[in-house]
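# Structure at a glance
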Amino acid sequence: MEVPFWNKEIETLDRSSLEKIQLERLREAIGWSLKTPFYSKKLAQAGIGSPDDIKGLEDLRRVPFTVKDDLRRSFPKGHLSVEMTDVVRVHSSSGTTGIPTVIYYSREDLERWTDLLARCIVATGAAPRDIFQNMMTYGLFTGGLGLHYGAERVGMTVIPISGGNTKRQIQVMKDFQTTVLHITPSYLLHIHSQLQADGIDRASLSLDRALIGAEPHSENTRRKIEELLQIQAFNSYGLSELNGPGVAFECVCRQDMHVWEDAYIVEIIDPETGENVEDGQEGEVVLTNLIRQAAPILRYRTRDLAFLHTEPCACGRTHRRLSRIRGRTDDMLIIGGVNVFPSQIEEKIMKIPEVATNYQIHVDKKGALDRLIIKVEIYPKLFLGEASKLDALRQHIKEEVRSSIVINPVVELHEPGSLPVFEGKAKRVVDTRPQE
Ligand code: ADP
Ligand code: ZN
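This structure is a prediction, so every number in the text was calculated from the model and none was measured.

Basis of the calculations
Sequence order as written defines residue numbering, which begins from 1 separately in each chain. By the order in which they are written, chains take letters starting at A while ligands take numbers starting at 1. In view of the model being predicted, local features appear only for residues whose pLDDT reaches at least 70, and side-chain atom pairs are presented and counted only at 80 or more, with totals across whole chains, interfaces and linings using the full set of residues. Hydrogens and water are ignored here; the side-chain numbers use all heavy atoms of the structure. For this document, the term salt bridge refers to a Lys or Arg side-chain nitrogen within 4 Å of an Asp or Glu carboxyl oxygen. Starting at the N terminus, helices and strands are each numbered in turn, a helix being any DSSP run of H or I of at least four residues and a strand any DSSP run of E of at least two. Only Phe, Tyr and Trp rings are paired, with Trp represented by its six-membered ring, and only when their centres lie within 6.5 Å; those with planes under 30 degrees apart are stacked, over 60 edge-to-face, the remainder tilted. Type-normalised accessible area, obtained with a 1.4 Å probe on protein chains alone, sets the label of each residue: buried when under 20%, exposed when over 50%, and partly exposed for intermediate values. Segment limits for the domains were obtained from an automatic or database-derived domain assignment. By the convention used here, residues are in contact when the closest approach between their heavy atoms is within 4.5 Å. Note on terms: buried area is the combined drop in 1.4 Å-probe accessible area of two parts once they are placed together, counting the loss on both. In the analysis that follows, any N or O atom pair within 3.5 Å is treated as a polar contact, provided that within protein one partner can donate a hydrogen and the other can accept it, and provided that, for residues neighboring in sequence, both atoms belong to side chains. Each residue is assigned to one class: nonpolar for Ala, Val, Leu, Ile, Met, Phe, Trp, Tyr, Cys and Pro, charged for Asp, Glu, Lys and Arg, and polar for all the others, Gly among them.

Applying the stated criterion across every chain yields a total of 32 salt bridges. One salt bridge in this structure joins Asp198 and Lys167, with 3.2 Å as the shortest N-O distance. Linking Asp198 in the loop between helix H8 (185-197) and strand S6 (209-213) with Lys167 in helix H7 (residues 166-176), this pair joins segments that are 31 residues apart in sequence. Measuring nitrogen to oxygen at the nearest pair gives 2.8 Å for the salt bridge that ties Asp431 to Arg433. Several salt bridges share partner residues, and in doing so they unite Arg15, Glu19, Glu261 and Arg320 into one network.

Given below as structure tokens:
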């Protein structure tokens, strides 16, 4: 297997050289942070008044965590370490869990971020010959512009189409013979439904790869995408607080995502105690940005749950790999006293071939009891099939889900195209239980 690199030297750096870079850059990041009203106070409380107080990487643990609310509270300028005249771009989070947070970038910050994204793209095997259709929303969301500039830097032909307008997206794929897509997994599944509904032959398209991210998805969803569309799909992870996409990305091996450790320090903590967990154990991902001056961020609690692989990747990169994100701590549903992540349900239903490309999870209360209703779209042929077969399918889905989460769901089968479609991040959970 050919392993492409953007910057082979950095991507395959031995551990001790990588840690040397991390330490140098951490000191630099502490220096930037001390210039912000927010961190100067926070670091002083932890006894850190100068970059020289960081003697080794282990001193990072003295730095207090930063949480989303800190960023909200110090809006608009509490996190700024440079003059506003040195800020050349602003982005914000999508606001999945409340008020969005705002991020600032200097020219150098954008330069470093763009370079990292070029690295991600090349790691997947995409190259200047490719036609890149960027279907992530442009605007304040980091997914659009972030990958846009990364792809231009690689030298691909970039189609900045943004999200939405599915028929046009498909027309553009045909017109330009697009080879690489950047898209959320949920929207890509919808694209497939649309191709089917319009009777478009896969052979009329030239798709090779999809870079998919911005939302949790299971391995079975990836498989489904790869099989239905006959492409390779690469997981892409990032969050606006840490620049946006490009924190971690899959390489050609597609065995989870390399965290670019010269740009980010990744830690996994126990979300209850805040203590770092053993390597290989799942916990909350905590990230420190080593490359952003204008709005530095240290030990950010992402609320995303994952683990770090202990085995090296076959590609030869030395940057450790982060597992698929199981969900956010605040995504967890408690149904009848049982903790459930939507991804556990998705993992089960997406491997069932009769299940089409969209589903929804509803939780409500019937009397005193919580009730889980799973609505899945199935293929039209099946939908019009015999009642007994539909009953058997319903039962099968029910059992699959119950085997994973020990809750007996109500399963509803729906015709394709009948559940709500999301062109960016999907909102699949509808919880109508009264707030306690
Ligand atoms: P918001 O937090 O408002 O959604 P962002 O747009 O910055 O703002 O989204 C970042 C979040 O999206 C991450 O913290 C994570 O929960 C989710 N996310 C991004 N990429 C992935 C991915 N590949 N797999 C799972 N979740 C992801
Ligand atoms: Zn690899």
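Text resumes after the structure shown.
What follows covers the packing of aromatic side chains. Applying the stated rule across the entire model yields two aromatic pairs. A centroid spacing of 4.7 Å and a plane angle of 75° characterise the contact between Phe38 and Tyr39, whose relative ring orientation is edge-to-face. Considered together, Phe38 and Tyr39 belong to a single accessibility category, that of buried residues. Seen in terms of ring centroids, Tyr105 and Trp113 are 5.2 Å apart; in terms of plane orientation they differ by 15°. Their pairing is stacked. You can call Tyr105 buried: its relative accessible area is 0%. The buried category is assigned to Trp113, whose relative accessible area is 1%.

Looking now at unusual backbone geometry. Geometrically, the link from Phe75 to Pro76 is a cis peptide bond, its omega value of 0° lying close to zero. Located in the positive-phi region is Asp256, a residue other than glycine, with phi close to 80°. Positioned with a positive phi, Arg303 is a non-glycine residue whose angle comes to about 70°. Here Arg303 is to be found in strand S12 (residues 300-306).

By a widespread convention, an interface's size corresponds to the accessible area lost as its parts come together. As assigned here, the chain comprises domain 1 (1-329) and domain 2 (333-431). Placing the centre of domain 1 and that of domain 2 at their C-alpha centroids yields a distance of 30 Å. Listed as interface residues are 28 residues of domain 1 and, on the opposing side, 19 residues of domain 2. Approximately 1900 Å² of surface area, both sides summed, lies buried where domain 1 meets domain 2, with 50% of it carried by carbon and sulfur atoms. It is Asn220, Lys224 and Arg326 in domain 1 that bury the most area against domain 2; as a group they hold 29% of the surface buried on that side. Joining domain 1 to domain 2, the criterion identifies 12 residue pairs in polar contact (both at pLDDT 80 or more). Where the side of domain 1 that touches domain 2 is concerned, the elements lending two or more residues are H8, helix H9 (219-229) and strand S14 (327-328). Of the residues contributing to the side of domain 1 that touches domain 2, the split by class is seven nonpolar, 16 polar and five charged.

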